[in-house]
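Architecture and fold: a report
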Amino acid sequence: GARRCFNHYRVLGVERAATQAQVRAAYLQLVRECHPDAAGRNASAERFRKVQAAWEALKDPVARAALEVERASTASQQQPGFVHMAAARNTPEPWPTRREDQPTKEARARRQLAALAEGEHAAATSLRLNFELAATMDDVAMSAIARDLPEGLKRLALKFEGCPVTDAGVEAIARALSAPQHAASLQEVTLDLTSCRGVTSAGLVALAEAMPGGLLALSLDVSFCPAVGDAGMAALAHRLPESVVTLRLGLLETSVSPAWRALADDSMPSAAGLRRRPVINRRRRRGAARHERVALRAEHAALRSAARRS
């Protein structure tokens with residue numbers, strides 16, 4: 001099953017993380033190259049058959065997700081202890097890693113902490129701080145950040161990748177998010193906890209319980225946190241505010257099971273995939289698939305018409 005899934009992507013010439021739009025664009029390009037009606041003498045029946053088979057397998061987001069779950073299950077059998085060996089399609093936007101030596105990273109972390117404590121960001125409505133790989137960024141420092149966050153923030157982005165923080169630090173941030181001076185204004189929260197191995201499902205539960213009621217977008221990356229599992233995802237699904245319209249999750253090499261992963265791995269980055277029952281998602285996707293089939297038939301007809309005129 002995993003090999004078959006990989007072959008579909010290879011036939012279309014796209015990465016496994018490609019969006020539905022990218023898969024469709026690759027398919028249409030290959031159809032132009034090898035379809036008997038459009039390619040003429042350059043047509044290849046065998047190649048067209050493979051391209052069509054790959055498209056049939058990947059065009060429906062639900063069927064595609066099922067293939068990915070099967071592939072993930074195979075990978076987890078090969079490497080015990082982890083379920084997910086590939087990033088979700090709605091993984092958080094990359095936060096560029098700074099190519100700096102360790103002393104520079106530590107100095108930047110200290111500067112940012114001091115700026116918060118001294119009120120330099122008091123009038124800010126958007127705050128983006130990077131504490132990546134700072135050894136001094138522990139639970140105490142994280143609590144200081146939570147204490148000194150300016151009031152009236154609309155957008156908050158914090159990167160703690162590789163920092164020695166635990167659930168205690170995450171809980172401090174959670175308490176800050178739920179405080180009245182922040183909960184009333186926060187609309188977007190980005191929290192990067194990649195490789196924070198002291199973070200477990202308990203931290204996610206605390207974070208889920210503290211979600212501001214008016215939140216519109218949440219990006220949460222807990223990749224390479226092996227102690228994060230189903231309990232954290234269940235709490236997030238249960239507590240996610242109805243206001244959230246964009247949800248991005250990083251679950252690479254966590255202990256989250258395939259059932260929860262299938263809900264989070266929505267090809268359309270939306271909170272609906274996590275919050276609603278799967279059957280509702282399937283209905284929505286089937287409707288989109290029907291519209292896509294109609295559009296494809298129209299494009300095929302146009303290709304055949306162009307081939308006849310030539």
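Residues numbered from 1 in each chain as written. Predicted model: local features only at pLDDT ≥ 70, side-chain atom pairs only at ≥ 80, totals over all residues. Heavy atoms only, no water.

1. Brief notes about the side chain of S223
Turning to its location among the elements, S223 is positioned in the loop between β4 (217-221) and α11 (230-239). Within polar-contact distance, the side chain of S223 engages the side chain of D221 at 2.7 Å. In this structure, S223 is in contact with L193, T194, S195, G250, L251, L252 and T254, ignoring residues within four places of it in sequence. (Helix = DSSP H or I, 4+ residues; strand = E, 2+ residues; numbered from the N terminus. Polar contact = N/O pair within 3.5 Å; in protein donor to acceptor, adjacent residues only side chain to side chain. Contact = heavy atoms within 4.5 Å.)

2. Quick notes on helix α7 (residues 139-148)
With 7 of 10 residues buried, α7 is to be regarded as a mostly interior element. Considered for burial, the residues of α7 that qualify are D139, A141, M142, A144, I145, A146 and D148. At its buried positions, α7 is contacted by α6 (102-117), β2 (155-159) and α8 (167-178). With a side-chain oxygen lying 3.2 Å from the backbone nitrogen of V140, the N-terminal cap of α7 falls on D138. (Buried < 20%, exposed > 50% of the residue type's maximum accessible area, 1.4 Å probe, protein only.)

3. A few points about the packing of α8 against helix α10 (residues 201-209)
When two helices pack together, their arrangement is given by the angle between their axes and by how far apart the axes lie. Interhelical geometry of α8 versus α10 gives an angle of 5° and a closest axis separation of 8 Å. On the basis of the axis angle, α8 is roughly parallel to α10. Packed against α8, whose contacting residues are D167, V170, E171, A174 and L177, the element α10 presents A202, G203, A206 and L207 at the interface. Residue composition of the contact of α8 with α10, by class: 6 nonpolar, 1 polar and 2 charged. (Axes fitted to C-alpha atoms, helices over the stretch in contact; angles between N-to-C directions. Parallel < 35°, antiparallel > 145°, perpendicular 65-115°, else oblique. Nonpolar A, V, L, I, M, F, W, Y, C, P; charged D, E, K, R; others polar.)

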